[in-house]
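Tertiary structure, described
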Amino acid sequence: MDAIDRTIIRELQQDGRLTNQDLADRVRLSPSPCLRRVRRLEESGVIHGYTALVDQGAFGLPVTAFVRIRLERHTTESVEAFEEHVRRIEHIQDCYLMAGSTDYLLRIVVEDLQAYERLVRGPLHAIPGIASIDTEFAFGIVKQSRVFPPPTSSRSRSGSGSPG
């Protein structure tokens with residue numbers, strides 16, 4: 001991946017509805033090479049898909065909970081079971097495997113505190129092997145971005161992975 005690919009990605013992250021012509025203009029390519037690059041990024045899995053960014057409050061899910069999970073055991077079976085259960089719970093928007101005292105960090109969106117309680121008492125408590133659940137609620141968003149920052153290292157910018 002080179003600097004042009006990264007610029008294409010940042011432009012599409014800012015506006016996924018750009019026409020190929022507009023994208024090509026923004027990244028200073030002619031349309032055909034631009035389209036080839038986009039298709040290559042899609043086919044290689046760098047670009048996973050396109051989506052609409054929606055205001056979660058307007059959608060009816062104004063409450064965001066950040067939930068730290070610790071597991072009782074870290075066997076392959078218990079980890080796989082936990083992760084499979086998490087993938088099936090739609091209100092869990094993100095699940096990160098963590099280093100440190102927390103095993104997983106979840107971002108959950110719900111309608112209200114009662115809905116969160118039902119989620120914890122139902123689907124979350126049904127997951128075997130959880131040692132602890134610790135929740136913090138966000139009451140505002142200061143910054144939320146889906147656009148990656150440009151790489152700062154010379155290795156990342158060169159795209160080759162080799163020096164000089």
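Note that the coordinates shown come from a computational prediction; the quantities given were computed from them, not determined experimentally. (Residues numbered from 1 in each chain as written. Predicted model: local features only at pLDDT ≥ 70, side-chain atom pairs only at ≥ 80, totals over all residues. Heavy atoms only, no water.)

1. Topic: the pattern of salt bridges
Put simply, the rule reads: One side-chain nitrogen of Lys or Arg within 4 Å of one carboxyl oxygen of Asp or Glu is enough to make a salt bridge. Every helix listed is a DSSP run of H or I at least four residues long, and every strand listed is a run of E at least two residues long, numbered separately from the N terminus. Only protein chains enter the calculation, and the probe is 1.4 Å; a residue is then buried if its accessible area is under 20% of its type maximum, exposed if over 50%, and partly exposed in between.
A complete count under the given rule lists 12 salt bridges for this structure. When the shortest N-O distance is used, the salt bridge between Glu136 and Arg68 registers 2.9 Å. Separated by 68 residues along the polypeptide, Glu136 in strand S4 (residues 130-138) and Arg68 in strand S1 (residues 63-71) bring together distant segments of the chain. By relative accessible area, Arg68 is classed as partly exposed at 27%. With a shortest N-O distance of 3.4 Å, Arg73 and Glu72 are connected by a salt bridge. With relative accessibility at 48%, the residue Arg73 sits in the partly exposed group. Judged by its relative accessible area of 47%, Glu72 falls in the partly exposed class.

2. Quick notes on helix H6 (residues 113-124)
One turn of the α-helix equals 3.6 residues, which is why residues spaced by three or four share an orientation. Defined as follows: Note: the arc covers the axis-to-C-beta directions of the helix. Whether two residues are in contact is decided by their heavy atoms, any of which lying within 4.5 Å being enough.
When H6 is considered as a whole, its buried residues turn out to be Ala115, Tyr116, Leu119, Val120 and Leu124. Along the axis of H6, the buried residues cluster in a sector spanning 140°; they form a single face. Of the exposed residues in H6, the ones pointing more than 90 degrees away from its buried face are Arg118 and Arg121. Structurally, H6 contributes buried residues whose contacts are with S1, strand S2 (92-97), strand S3 (104-110) and S4.

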